[in-house]
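So you can see what is in the structure, the chains are spelled out below.
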Amino acid sequence: MSGFFTAFVDMFDTATIASIVAGSSALMFATMGETINEKAGVINLSVDGSMMLAALAGFVIAFQTDIVWLGFPAAAAVGMSVALLIAFASIKLSLNQVAVGFVLFALCTQLSRFLGTNFVGRRPVGVPTWEIPGLSSIPFFGPVFFDHNLVVYLSYLTVIATFLFMYRTRKGLELQGIGERPEAAHSRGIPVNKLRYFYTALGGALIGIGGAAFSLDVKLGWSDRLTRNLGWIVLAIVIFGGWHPLRAAFGVLLFGALQAYAINLVPEFPSLSQVLPSIPFPAMILALVIVNWKRLLKWLDRYPFLRAILRSDPPTAIGTRFKVN
Amino acid sequence: MSSYRLTNLVLPISVVVASAVGLLVLAGTNPWDPLQLIVEGSIGWPPFEAGKSAKVGDTVMVWVPIALASAGLIVTFNAGMWNIGIEGQIIMGAIAAAFVAREVSAPRPLLVLLTILAGAVGGLLWGLLVGVLRTAGGVNEIFGGLGLDFVAISFTTYLIIDPWARTGVASTSGTDIFPDAALLPSSSGTRLSLLAIAIALLAIGGVWILFRGTLYGLKLKAVGANLRSSFLMGIPTNRYLLGAFMICGALAGIGGTVQATGFHFKLIPAISGGYGFLAILVVLLARYQAFWVIPISFFFAMIAVGSSQLDLRLDLNSALGGVLQGVLVLSAMFGLGWAAYRTKRQLQEASGGDSG
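Thresholds, definitions, all that
Residues numbered from 1 in each chain as written. Chains lettered and ligands numbered in written order. Predicted model: local features only at pLDDT ≥ 70, side-chain atom pairs only at ≥ 80, totals over all residues. Heavy atoms only, no water. Helix = DSSP H or I, 4+ residues; strand = E, 2+ residues; numbered from the N terminus. Rg over C-alpha atoms; globule rule 2.2 N^0.38 Å. Buried < 20%, exposed > 50% of the residue type's maximum accessible area, 1.4 Å probe, protein only. Contact = heavy atoms within 4.5 Å. Areas by Shrake-Rupley, 256 points an atom, 1.4 Å probe, with all protein chains shown as cover. Lys, Arg positive; Asp, Glu negative; His and termini not counted. Charge placed at Lys NZ, Arg CZ, Asp CG, Glu CD. Expected span 1.5 Å × (residues − 1). Buried area = accessible area lost by both parts, 1.4 Å probe. Polar contact = N/O pair within 3.5 Å; in protein donor to acceptor, adjacent residues only side chain to side chain. Nonpolar A, V, L, I, M, F, W, Y, C, P; charged D, E, K, R; others polar. Core = buried A, V, L, I, M, F, W, Y, C linked by side-chain atoms within 4.5 Å. Phe/Tyr/Trp six-rings, centres within 6.5 Å; stacked < 30°, edge-to-face > 60°. Lys NZ or Arg CZ within 6 Å of the ring centre and 35° of its normal.

Looking at the overall build of chain B
Move 1: Within chain B, the secondary structure is distributed over 14 helices and 0 strands.
Move 2: Starting at the N terminus and walking to the C terminus, you meet the elements of chain B as α-α-α-α-α-α-α-α-α-α-α-α-α-α.
Move 3: For chain B, the C-alpha radius of gyration of 22 Å lies close to 21 Å, the compact-globule estimate for 356 residues.
Move 4: Within chain B, buried positions represent 53% of all 356 residues.
Move 5: Partitioning the intrachain contacts of chain B with sequence separation of at least 6 by distance along the chain shows that 75% fall at a separation of at least 24.
Move 6: Summed over all atoms, the accessible surface of chain B reaches about 14,800 Å², with 67% contributed by carbon and sulfur.
Move 7: Once the 19 positive and 15 negative side-chain charges of chain B are each reduced to a mean point, those two points are 12 Å apart.

Some details on helix 12 (residues 290–307) of chain B
All names here are of chain B.
Move 1: Its 18 residues place the ends of helix 12 26 Å apart at the C-alpha level, agreeing with the 26 Å of an ideal helix rising 1.5 Å per residue.
Move 2: Looking only at helix 12, the buried set comprises Ala290, Val293, Ile296, Ser297, Phe300, Ala301, Met302, Ile303, Val305, Gly306 and Ser307.
Move 3: Contact partners of the buried residues in helix 12: helix 2 (32–43), helix 3 (53–78), helix 7 (194–213), helix 11 (275–285), helix 13 (310–314) and helix 14 (319–350).

As for the interface of chain B and chain A
Move 1: In this complex, chain B contributes 43 residues to the contact, which on the side of chain A involves 43 residues.
Move 2: Where chain B abuts chain A, roughly 3,800 Å² becomes buried across the two surfaces, and 82% of that area is made up of carbon and sulfur atoms.
Move 3: Three residues, Phe143, Phe150 and Phe334 of chain B, lead the burial of chain B against chain A; their summed loss comes to 18% of the area buried on that side.
Move 4: Where chain B meets chain A, there are 3 residue pairs in polar contact (both at pLDDT 80 or more).
Move 5: Elements supplying a minimum of two residues to the side of chain B that touches chain A: helix 1 (6–26), helix 5 (108–137), helix 6 (141–161), helix 11 and helix 14 of chain B.
Move 6: The residue inventory of the side of chain B that touches chain A, partitioned by class, reads 31 nonpolar, 10 polar and 2 charged.

A closer look at the side chain of threonine 35 of chain A
Residue and element names in this part refer to chain A.
Move 1: The topology assignment puts threonine 35 in helix 3 (residues 25–39).
Move 2: What makes threonine 35 buried here is its relative accessible area of 0%.
Move 3: Discounting residues that sit within four places of it in the chain, threonine 35 has contacts with Met166, Val238, Trp243, His244, Pro245 and Ala248.

A look at the nonpolar core
Move 1: With 200 residues, the main nonpolar core has Val100 and Phe102 of chain A together with Trp63, Trp82, Leu267, Ile280 and Phe300 of chain B as its most contacted residues.
Move 2: If one sorts the elements of this core by residue count, helix 3 of chain B sits on top with 15 residues.
Move 3: Ignoring any residue separated from it by four or fewer positions in sequence, one finds phenylalanine 102 of chain A in contact with Leu45 and Trp232 of chain A together with Trp82, Ile84, Phe277, Ile280 and Leu281 of chain B.
Move 4: Among the nonpolar cores identified, the runner-up in size contains 5 residues, and Ala7, Met11, Leu265 and Leu276 of chain A belong to it.

Notes on the side chain of glutamate 174 of chain A
Residue and element names in this part refer to chain A.
Move 1: The topology assignment puts glutamate 174 in helix 9 (residues 170–180).
Move 2: Judged by relative accessible area, which is 16%, glutamate 174 ranks as buried.
Move 3: Excluding residues within four positions of it along the chain, glutamate 174 makes contact with Ile190 and Leu195.

Quick word on the packing of aromatic side chains
Move 1: Counting across every chain of the model gives 27 aromatic pairs over all chains.
Move 2: Measuring from ring centre to ring centre gives 5.3 Å for phenylalanine 8 of chain A and phenylalanine 12 of chain A, while their planes differ by 75°; the resulting arrangement is edge-to-face.
Move 3: Given the relative accessible area of 40%, phenylalanine 8 of chain A is considered partly exposed.
Move 4: Ring geometry for phenylalanine 198 of chain A versus tyrosine 199 of chain A: centroids 5.1 Å apart, planes at 70°, classification edge-to-face.
Move 5: Judged by its relative accessible area of 48%, phenylalanine 198 of chain A is partly exposed.
Move 6: Connected via pairs of aromatic rings, a cluster forms that spans Phe102, Phe105 and Trp232 of chain A together with Phe77, Trp82, Phe277 and Tyr288 of chain B.
Move 7: Just above the ring of phenylalanine 263 of chain B sits the side chain of arginine 191 of chain B; from NZ or CZ to the centre is 4.3 Å.

Focus: the environment of leucine 285 of chain B
Move 1: Tracing the chain through its elements places leucine 285 of chain B in helix 11.
Move 2: When the C-alpha atoms of leucine 285 of chain B and methionine 333 of chain B are compared, they prove to be 7.5 Å apart, with 48 residues separating the residues in sequence.

It is worth stressing that arrangement in space is one thing and function is another; only the former is reported here.
Structure follows, in structure tokens:
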């Protein structure tokens, strides 16, 4: 048992925590993206595939032009196109969002493998490190938060901006409205379907940027199925986060910490070295099971404080279509 | 649930051919060779030539698990469930079959029967778990299933590198080959097993009958169409949902057995071959109709087997096959959706069009 404990204690040094923060940027962007489009009522189930294809697109553009920043808009465009296909299929053609999303997941994954063959193992220029003067010399917080690069800083800003937009602005209230009560929003003159197109595209763009953040920064380079399973984790974290940007961001960090812990455990259990790195995936889903367990939640109703922490109620109109009569 | 008309089939197929040619030109190769290789590598060129039965046998043995999983998925889809846990159910079936094959000694017919039963039970229990999470815990079956897929994959890797490691070398290439008595009987020189084919056809036939001629099937469909109404009508919806997951899990588990004892002859890390997810595409393309599963899953098996040779023979990524499968399903869905949209618009215009 001591192995579990030492591996846990080892996580609490500044360098490890800083690497968890830096490594979570890709998931941060994608999780905010999916939170936004689900909040608007549209599920983008293709994340695992569209993130991978966007990661490839960002990588290829950055590699060919030698300008790393050009990779991000390219990846955003790919993520946005896939998301718009889902919005179109659902809103205009009345197809099932989940079905279209799943097929696009499969298609984008295979497409990224096919188109990426010749780029396996190539190394482009990465995102340059840029420590923020002043802030980075704060003890502990400096190295943990302010000694990375622009992509990582933008990932925090995206989280804060998503939160402020959703809960502190008029437009954000409208976003919640079209996901919760589209009929009511419509009767107040809000163009429900137009906004759903917009927010699905925005969410897709962020998912794409998440892919590029992975291939251009978190794990610089391209390999077959580079971002595999990250998209599924994004979908799980959005639910775990109760469709709230800040709680979802906490979920992303928790997942990063789990991964670091699993890697720390490898020296303790060498025979499990192949299995341990994949443990965080089922563990995250287990966490999801807990926040969704209806009986547990009913029991927690007696303890309002805990209930508030663990509640995870989806937007009422998620996954449904809205038709103007 | 509308069915296909000829025009709905022409569009997706032409989109697939166009995108295949486009992609291959983009990759800088002559588009004919790879497409011919896919056919040649799966059923021979010219097709079904005498003396090439090994290839056809492989393709058929890939078809069997896809067809079994598809048959199971028709049941869960009709019950309104997205059984993404299907991969895990195939894997747990294979693991259970591998356990029996390794640990039990019995005369061949009995042992083969036991591996098949074990596979069915392994898949059934794993499917039941998804169902219980859904009905008792309120956990969306997509995420419960996905989590259990991850668990099953990790478990396979663990078994292969630790308790069931090959004697002498611990590697991720798989366990030792199973004893002969546990392998599915096959015709000489090929993997082709008539028993496996018979089971797959029986499963598809059974599912077809289930939804054509039984009250149970009708009630399952009712649960899928409207869970709440069915509950109010007195159908024990939870029991029906669990039943659907168990049927699907058992069929997928038998598919896993066929993968383990009829194709690889050992347990390997990627034992499911991704056929569970492929079966989801098959069923979406078949519009949840059992009969169509037979030709569509055979076509998908051909692409899967044929494209696996692209790497070696033409230095092209074998993912091309997966791309073509995805494009086919996506364009078929969009084609049907667009046709339905047009019909609706025409009806509205004919009746004066109140919403334009």
